[in-house]
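Given next are the chains, with one letter for each unit.
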Amino acid sequence: MITAVAALGSSATAGFALIYTGDSVQQAREQLKLAEQGQTTERFGRAVEQLGNRALDVRVGGIYALERIEHDSPQDQPAIMGVLTAFVRGHSAKRGSPPPISNVGAERLLPAAPADLQAALNVIGRRDHTRDGSHKIDLSYAKLFGADLSDAYLAGADLQFATLNQTFLSGATLRGADLRNATVTNPVEANFAGAVR
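Residues numbered from 1 in each chain as written. Predicted model: local features only at pLDDT ≥ 70, side-chain atom pairs only at ≥ 80, totals over all residues. Heavy atoms only, no water.

Visitor: Please clarify how the nonpolar core should be interpreted in this entry.
Guide: Side chains of nonpolar character tend, in soluble globular proteins, to be buried together. Core analysis: the largest hydrophobic core is formed by 39 residues, its most contacted members being Leu 84, Val 88, Leu 139, Leu 144, Leu 154, Leu 159 and Leu 174. Breaking this core down by element, the ones donating at least two residues are helix 1 (2-51), helix 2 (56-72), helix 3 (77-92) and helix 4 (115-125). If one sorts the elements of this core by residue count, helix 4 sits on top with six residues. (Core = buried A, V, L, I, M, F, W, Y, C linked by side-chain atoms within 4.5 Å. Buried < 20%, exposed > 50% of the residue type's maximum accessible area, 1.4 Å probe, protein only. Helix = DSSP H or I, 4+ residues; strand = E, 2+ residues; numbered from the N terminus.)

What follows is the structure in structure tokens.
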């Protein structure tokens with residue numbers, strides 16, 4: 001009888017220990033999740049600060065840091081795309097008009113987009129668009145001349161009043177994009193199906 005009572009007491013103690021351990025594991029998981037969210041927020045803030053730096057290499061580093069955060073924290077993709085598209089719109093506004101195309105021998109030289117704009121467009125164009133949700137890529141009024149948007153996924157994007165002449169669009173997906181009042185001079189090899197013009 002005493003052995004049965006002792007065994008029952010041991011079982012009850014083990015049961016309480018398991019419940020306590022389960023609660024501890026759950027609390028540890030929640031604390032880890034909060035710590036990860038805090039680290040992501042801190043990384044996001046530092047990367048956004050870099051976008052405002054005067055040094056080109058620091059801005060480009062900030063752009064690629066945002067891309068890394070996007071991969072590590074998929075739920076933050078819409079916010080990251082919002083920051084990057086605002087960066088492109090704001091920085092491209094200073095560009096003026098597209099320069100004339102120069103001919104060198106048999107080759108035509110097109111102007112190149114600044115490295116930071118091109119880096120941001122690269123990240124935007126190769127994002128996992130299945131995580132966009134209801135958020136649209138907004139590149140309205142952006143001056144994208146000289147940019148390489150080859151293979152970029154910009155389906156449904158807002159490109160109203162955008163300057164897309166002298167832009168490389170080979171393999172780009174612009175299906176359903178809003179291109180009202182945009183200038184596009186080389187639409188060859190891009191998918192414009194259903195685009196609003």
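Visitor: Sorry, what's going on with the packing of aromatic side chains here?
Guide: In this structure the tally under the stated criterion is one aromatic pair. Aromatic pair Tyr 141 and Phe 161: ring centres 4.8 Å apart, planes at 5°, arrangement stacked. Here Phe 161 lies in the segment after helix 4 and Tyr 141 lies in the segment after helix 4, a separation of 20 residues in the sequence. Tyr 141 gets classed as exposed once you look at its relative accessible area, which sits at 53%. A residue is classified by how much of its surface remains accessible, and Phe 161, at 37% relative accessible area, is partly exposed. The ring of Phe 145 has Arg 95 lying over it, and the distance from NZ or CZ to the ring centre is 3.8 Å. Note that Arg 197 overlies the ring of Phe 192, its terminal NZ or CZ placed 4.9 Å from the centroid. (Phe/Tyr/Trp six-rings, centres within 6.5 Å; stacked < 30°, edge-to-face > 60°. Lys NZ or Arg CZ within 6 Å of the ring centre and 35° of its normal.)

Visitor: When you look at the packing of helix 3 against helix 4 in this model, what are you seeing that I'm missing?
Guide: Working note: a packed helix pair is described by the angle between its axes plus the distance between those axes. In contact at an axis separation of 10 Å, helix 3 and helix 4 are set at 150° when each is read in the N-to-C sense. Considering only the axes of helix 3 and helix 4, their crossing is left-handed. For the pair helix 3 and helix 4, the contacting residues are Met 81, Leu 84, Thr 85, Phe 87, Val 88, His 91 and Ser 92 in the first and Asp 116, Leu 117, Ala 120, Leu 121, Val 123 and Ile 124 in the second. Of the residues assigned to the contact of helix 3 with helix 4, the class counts are nine nonpolar, three polar and one charged. (Axes fitted to C-alpha atoms, helices over the stretch in contact; angles between N-to-C directions. Left-handed = near helix turned anticlockwise from the far one by under 90°. Contact = heavy atoms within 4.5 Å. Nonpolar A, V, L, I, M, F, W, Y, C, P; charged D, E, K, R; others polar.)

Visitor: How do you make sense of the pattern of salt bridges when you look at a structure like this?
Guide: Side chains bearing opposite charge may pair, as long as their charged atoms lie close to each other. In this structure the tally under the stated criterion is ten salt bridges. Here Arg 89 and Asp 138 are joined by a salt bridge, their closest N and O atoms 3.8 Å apart. Of the two residues, Arg 89 is situated in helix 3 and Asp 138 in the segment after helix 4; the sequence distance between them amounts to 49 residues. The class for Asp 138 is partly exposed, based on a relative accessible area of 25%. (Salt bridge = Lys/Arg side-chain N within 4 Å of Asp/Glu carboxyl O.)

Visitor: Which parts of the structure should I look at to understand the side chain of Arg 95?
Guide: Assignment of secondary structure puts Arg 95 in the loop between helix 3 and strand 1 (102-104). Lacking a salt bridge, the buried Arg 95 has Asp 116 as its closest oppositely charged neighbour, with an N-O distance of 8.1 Å. A distance of 2.9 Å separates a polar atom in the side chain of Arg 95 from the backbone oxygen of Lys 143. One polar contact links the side chain of Arg 95 to the main-chain carbonyl oxygen of Phe 145, over a distance of 2.9 Å. The residues contacting Arg 95, other than those within four sequence positions of it, are Ala 112, Ala 113, Pro 114, Leu 117, Lys 143, Leu 144 and Phe 145. (Lys, Arg positive; Asp, Glu negative; His and termini not counted. Polar contact = N/O pair within 3.5 Å; in protein donor to acceptor, adjacent residues only side chain to side chain.)

Visitor: How do you make sense of helix 2 when you look at a structure like this?
Guide: For the α-helix, the turn length of 3.6 residues means that residues three or four positions removed from each other point alike. If you check helix 2, its first and last C-alpha atoms are 25 Å apart, about what 17 residues at 1.5 Å a residue would give, namely 24 Å. Taken together, the buried positions of helix 2 are Arg 59, Val 60, Gly 62, Ile 63, Leu 66, Glu 67, Ile 69 and Glu 70. (Expected span 1.5 Å × (residues − 1).)

Visitor: Explanation requested: the packing of helix 2 against helix 4 in the structure shown.
Guide: At a minimum axis separation of 9 Å, helix 2 and helix 4 run at an interaxial angle of 5°. Viewed along their axes, helix 2 and helix 4 adopt a mutual orientation that is roughly parallel. Contacts from Leu 56, Arg 59, Val 60, Ile 63, Tyr 64, Glu 67 and Glu 70 of helix 2 reach helix 4 at Ala 115, Asp 116, Ala 119, Ala 120, Asn 122 and Val 123. Partitioned by chemical class, the residues of the contact of helix 2 with helix 4 number eight nonpolar, one polar and four charged. (Parallel < 35°, antiparallel > 145°, perpendicular 65-115°, else oblique.)

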